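Take a look at the letters that make up each chain.
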Amino acid sequence: MNYPFSRNEILVKRLFSTAILMLMALLFVAACDDGSSEVKSVTKAQYSGNFNAISGKLSDGSKFEGVAWWVSGAYRGKFCLQTTEAVCSGTFSARASRVIAGQFECSDMTTGSYRSERIEKGAHLHPIKATGILSDGRTSVAEFAPLQEGAGETVCYQ
């Protein structure tokens, strides 16, 4: 029986098809990467602009402290909190909204969500109180010191 292609031509076509399929698989994996493979660690972070010191308590009685900061005109701010067991970090909306909510993650692999209430004072909305729920079932309440402007250093999980 006569075939329209030689064995070498068939082999080259199969190799080419396999290479194309492998390339498509690699592109699919790269497109599906959500960044969760990013390695995070506890490091020092510099902040400047507007900031609030934060202090709070978890439902198990442990305390935490930290800082939240943003630059005027920015859409997002950042916060970092420290307990005796972990360091947590997250972002928040710096837009003019009296109630904001978001997520955070901690160096002990705990995650959580928060809700913060703010009041209008002068040209800014000032946070007054926040509540949180952690993935391990604990809850938290945080209070904010008066708004300050300046720079400093804190510890973050990033």
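Cut-off values and rules
- Residues numbered from 1 in each chain as written.
- Predicted model: local features only at pLDDT ≥ 70, side-chain atom pairs only at ≥ 80, totals over all residues.
- Heavy atoms only, no water.
- Phe/Tyr/Trp six-rings, centres within 6.5 Å; stacked < 30°, edge-to-face > 60°.
- Helix = DSSP H or I, 4+ residues; strand = E, 2+ residues; numbered from the N terminus.
- Contact = heavy atoms within 4.5 Å.
- Salt bridge = Lys/Arg side-chain N within 4 Å of Asp/Glu carboxyl O.
- Buried < 20%, exposed > 50% of the residue type's maximum accessible area, 1.4 Å probe, protein only.

Enquirer: So what's going on with the packing of aromatic side chains? Which residues, and what values?
Expert: According to the stated counting rule, one finds five aromatic pairs in the structure shown. Taken together, the ring pairs in this structure connect Tyr47, Phe51 and Trp69 into an aromatic cluster.

Enquirer: A description of the environment of Gln148 should follow, citing residues and the corresponding values.
Expert: Inspection of the secondary structure assignment puts Gln148 in strand β9 (residues 148–157). Residues Gln148 and Ala53 lie 95 residues apart in sequence; the distance between their C-alpha atoms is 8.7 Å. Apart from the residues within four sequence positions on either side, Gln148 is in contact with Gly49, Asn50 and Phe51.

Enquirer: Tell me about the pattern of salt bridges, and name the residues and values.
Expert: Here the structure, examined in full by the defined rule, presents five salt bridges. Of the charged contacts, one joins Glu105 and Lys40 as a salt bridge, the two residues approaching to 1.9 Å between their closest N and O atoms. Here Glu105, found in strand β5 (residues 99–106), pairs with Lys40, found in the loop between α1 (7–32) and β1 (42–58); they are 65 residues apart in sequence, far enough to count as distant. Linking Arg115 and Glu117 is a salt bridge whose minimum nitrogen-to-oxygen distance equals 3.3 Å. On the basis of relative accessibility, which here comes to 41%, the residue Arg115 falls in the partly exposed class. Taken together, the shared-partner salt bridges in this structure form one network comprising Asp60, Asp136 and Arg138.

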